[in-house]
Amino acid sequence: MTGGKRQKIRFQRPASGGDRTPSPQAEAGTYFDVRPALLPGRLEGLHVLTKPGVRGCPEVDAAQALLATTMRKDRVRGDVLDLTAMGGLLAALPGVTLRAVEGSAPALSVLRAAGLDPLAAVPGDDLKERWPERAKTVALVLAGDRGNACALAQVAWAHACTPPGGTLYLAGDRDKGYDRYVRAAGKAFGTGETIARDEGMRVARLVRRPGPTPAYPEPERWEGFGVRVVGLPGVFSAGRPDKATAILLGALEGLDLAGKRVLDLGCGTGLIGAWAASRGAEVTLVDGDLQSVRSAAATLSENGLPGEVVHSDVDAELGERTFDAILTNPPFHVGRGVVLDVAREFIAAARRRLRPGGTLYLVANEPLPYETPLRAVGEVRELVREGGFKVLTTTRAG
Ligand SMILES: C[S@@+](CC[C@H](N)C(=O)[O-])C[C@H]1O[C@@H](n2cnc3c(N)ncnc32)[C@H](O)[C@@H]1O
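Since the structure is predicted, the reported quantities are computational estimates derived from the model, not experimental observations. (Residues numbered from 1 in each chain as written. Predicted model: local features only at pLDDT ≥ 70, side-chain atom pairs only at ≥ 80, totals over all residues.)

Assigned domains within the chain: domain 1 (31-207) and domain 2 (220-395). Put simply, the middle of domain 1 and the middle of domain 2, counted by C-alpha atoms, are 30 Å apart. Each partner contributes residues to the interface: domain 1 has 22 residues there, and domain 2 has 17 residues. Within the residue set of the side of domain 1 that touches domain 2, elements represented by two or more residues are α3 (105-113) and α4 (148-161). Residue classes in the side of domain 1 that touches domain 2 are distributed as 12 nonpolar, 6 polar and 4 charged. (Domains from an automatic or database assignment. Contact = placed C-beta atoms within 7 Å. Helix = DSSP H or I, 4+ residues; strand = E, 2+ residues; numbered from the N terminus. Nonpolar A, V, L, I, M, F, W, Y, C, P; charged D, E, K, R; others polar.)

Structure (structure tokens):
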């Protein structure tokens, strides 16, 4: 199958410019390394860590940078609950003791490297067990790029975590629904206004008055490829199958997976892994995003399918596991820009995790340059080219 219109994909350049395409071997050696983040001028002097896969890397996330600047100006001190801690920037503010909460496995590894003892949690989780007393100051960066349900779940969670009389600093991007979410937060908190602006970034300060916490959005539920899917707020393609994923599963229709050890790398809702399990494969589903891990576990359970779901930055938590097949629709966004570091590490992980004779099946937007790193695994074949996507496959030499 051929055809489909060409897609324009804008690649994010590193701050220093130049070519950012290291060999897969070189990158496999550096992907997991934690490094100092590049900070905007107004935050110079602070020390913050990052790594590929963390929002904003190699810099800090722009909304979080404005949040830190604003909180420093407000002379915030003492315990601060940061529900989107990323690399832990707020811990660098003078006098702040950070309670770092994150759902991203790459960010959690950075927070641990910084000695911050983070909590892995998602919107809706009760934090009382870890911190019986609520902190008087709470901070959150809206993930408007992950959809309306995700941002509304974040607002409800921030409300539940802020004690009456406590203050929420809410940051976001004007182009990703910030005004709408601040209005929703203002309604729940009873007060609040935008106090800082920097280009498209905004920060609001809200003081919580007594009142009920807004309801959390319900998970999406739909059926596709014989699988009943549970899509939690913020999970990739939570409400319907992704076009690329559908093309991948269509291309694999005739594949015999019975009894095979299969890895769904970057599982999201778990559609691909559950589909493989329904065909008799012994499946492992991995995602770096904790909400996706919960979603994938719910999808397996909804279908009564066996399988393990692992919260992991690429294959970092997979121990000695190896596979006969790896199926993936790799990510190429981390926050706002197009970043291929994670996708390239998915391919490097395939090299580490495929048994001899094992095969990687990968779907990608046509312009994405995955063929070169894939050649380090084995000979590359294109199974399908359709609707602007391609399905590539490579088998590790026996
Ligand atoms: C394009 S989505 C595909 C989701 C799902 N497989 C599907 O087809 O609908 C890519 C997935 O990779 C996950 N991901 C991003 N960075 C990751 C990382 N560092 N380690 C593991 N998974 C990651 C994302 O959370 C997302 O669920």
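That was the structure; now back to the text.
Let us look at unusual backbone geometry. Comment: phi is negative for the bulk of residues other than glycine, and the bulk of peptide bonds are trans. The linkage connecting Cys57 with the following residue, Pro58, adopts the cis geometry, with an omega of 15 degrees. Considering the arrangement of structural elements, one finds Pro58 in the loop between β2 (49-50) and α2 (62-73). Even without a glycine there, the phi angle at Glu199 is positive, about 50 degrees. In this fold, Glu199 is placed in the loop between β8 (193-198) and β9 (201-207). Even without being glycine, Phe225 reaches a positive phi, approximately 55 degrees. With respect to the secondary-structure elements, Phe225 resides in the loop between β10 (220-224) and β11 (227-231). Here Phe225 falls in the partly exposed class, since 16 other C-beta atoms lie within 10 Å of it. (Buried ≥ 20, exposed ≤ 12 C-beta atoms within 10 Å, placed from the backbone.)

Quick look at the packing of helix α7 (residues 271-278) against helix α8 (residues 290-302) now. Between α7 and α8, the shortest axis-to-axis distance is 9 Å and the interhelical angle comes to 30 degrees. Regarding the angle of α7 to α8, the classification is roughly parallel. Our pair here, α7 against α8, has a crossing hand that is right-handed. Residues Leu271, Gly273, Ala274 and Ala277 of α7 form the contact with α8, whose own contacting residues are Ala296, Thr299 and Leu300. Across the contact of α7 with α8, the residue classes tally to 5 nonpolar, 2 polar and no charged. (Axes fitted to C-alpha atoms, helices over the stretch in contact; angles between N-to-C directions. Parallel < 35°, antiparallel > 145°, perpendicular 65-115°, else oblique. Left-handed = near helix turned anticlockwise from the far one by under 90°.)

The next subject is the site of the ligand. The immediate surroundings of the ligand are formed by 23 residues, with Thr245, Gly266, Gly268, Gly288 and Asp289 found nearest. Going through the elements one at a time, α3, α7 and β13 (282-287) are the ones with two or more residues in the shell around the ligand. Considered class by class, the residues forming the shell around the ligand number 10 nonpolar, 9 polar and 4 charged. Here the shell around the ligand gathers at least three residues from each of two domains, domain 1 (31-207) and domain 2 (220-395). (Near = placed C-beta within 6 Å.)

It is worth spelling out the sheet that holds β9 at this point. The strand order β5-β4-β3-β6-β7-β9-β8 describes an open sheet built from 7 strands, whose pairing is mixed. The strands lining the two open edges of the sheet, one partner per strand, are β5 (119-120) and β8. Along the sheet face, α2 touches β6 (137-141), β7 (167-173), β8 and β9 and points at about 145 degrees away from the line of β7. (Pairing = 2+ DSSP bridges.)

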